[in-house]
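The chain contents come next:
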Amino acid sequence: EDQVTQSPEALRLQEGESSSLNCSYTVSGLRGLFWYRQDPGKGPEFLFTLYSAGEEKEKERLKATLTKKESFLHITAPKPEDSATYLCAVQTPYGGATNKLIFGTGTLLAVQP
Amino acid sequence: NAGVTQTPKFRVLKTGQSMTLLCAQDMNHEYMYWYRQDPGMGLRLIHYSVGEGTTAKGEVPDGYNVSRLKKQNFLLGLESAAPSQTSVYFCASSYAYRLERGAGNEQFFGPGTRLTVL
């Protein structure tokens, strides 16, 4: 069964304290791995798509990387406005031509000033 | 561009009542999806549609029905609401699947509907 696991469940950082969030996956095949940000009371907001091992993408203080079994979301010198839940999701060939996503349960990040 | 919109934002139902959640998108996306989000469970796919007039079951379809009569709208119906359907419901949309990488197969989400069934 395809599965996505995120760790830690919650992370508290001081402003400027860099860290990483983990997304590990066991799937029948990977078409793409997606990172989303979700603020309280809002819908998920798309951040990145990664397609193959070794690929990296950056956006401001965030950098996403991908290996054959996991992805990391690195947060460099975070600010309080980076506080949110970060969701990881995968697309597999089993989903057919549907773009269906399998989501992890997310990491709740709190950055304190 | 409004993106993906959902109505209503909040709703309280009594057990056995029915209701319809409306999702609309103005990005000309072919695919649309309904999810529910529960604490500790993550986002789970209820139903989805790959085109006007077509729908399919997702991971947790029981107790829900959907219709896609127009490309830009996707309706989620609860015929007889149960307390277990208390959740936050999200609609999403995406372009049709493209083989080439970097082609934008990501989904775009609406703001959600918070539903409580008493």
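Residues numbered from 1 in each chain as written. Chains lettered and ligands numbered in written order. Predicted model: local features only at pLDDT ≥ 70, side-chain atom pairs only at ≥ 80, totals over all residues. Heavy atoms only, no water.

S.K.: Whenever I open this one, the interface of chain A and chain B confuses me. Can you help?
M.R.: Where interface size is quoted, it is often the accessible area lost as the parts come together. In this assembly, 22 residues from chain A lie in contact with 26 residues from chain B. For the pair chain A and chain B, the summed buried surface comes to about 1900 Å²; carbon and sulfur atoms form 56% of the total. A per-residue breakdown of the area chain A buries against chain B is headed by A:Y51, A:N99 and A:F103, which together make up 30% of the total. On inspection of chain A and its partner chain B, the count reaches zero salt bridges. The interface formed by chain A and chain B contains seven residue pairs in polar contact (both at pLDDT 80 or more). (Contact = heavy atoms within 4.5 Å. Buried area = accessible area lost by both parts, 1.4 Å probe. Salt bridge = Lys/Arg side-chain N within 4 Å of Asp/Glu carboxyl O. Polar contact = N/O pair within 3.5 Å; in protein donor to acceptor, adjacent residues only side chain to side chain.)

S.K.: Which parts of the structure should I look at to understand the sheet that holds strand β8 (residues 73-78) of chain B?
M.R.: Either a parallel or an antiparallel arrangement is found when strands of a sheet pair, and the pairing is made through backbone hydrogen bonds. All names here are of chain B. The four strands lie next to each other as β1-β3-β8-β7, forming an open sheet whose pairing is antiparallel. With one partner strand each, in any of the chains shown, β1 (4-7) and β7 (65-67) form the two edges of the open sheet. Each strand axis lies, on average, 20 degrees off the axis of its neighbour in the sheet, ignoring direction. Looking at chain direction, β7 and β8 are connected through three bridges and run antiparallel. Counterpart to S67 in the pairing with β8 is L75. (Pairing = 2+ DSSP bridges. Helix = DSSP H or I, 4+ residues; strand = E, 2+ residues; numbered from the N terminus. Axes fitted to C-alpha atoms, helices over the stretch in contact; angles between N-to-C directions.)

S.K.: Where do I start with the pattern of salt bridges in this structure?
M.R.: Side chains bearing opposite charge may pair, as long as their charged atoms lie close to each other. According to the stated counting rule, one finds six salt bridges over all chains in the structure shown. The salt bridge partner of A:R61 is A:D82, with a shortest N-O separation of 2.8 Å. Highlighted residues: A:R61 in the loop between β6 (56-59) and β7 (62-66) and A:D82 in the loop between β8 (70-75) and β9 (84-91), separated in sequence by 21 residues. In this structure A:D82 comes out as buried when scored by relative accessible area, which is 6%. Members of the salt-bridge network, linked through shared partners, are B:R36, B:D38 and B:R44. (Buried < 20%, exposed > 50% of the residue type's maximum accessible area, 1.4 Å probe, protein only.)

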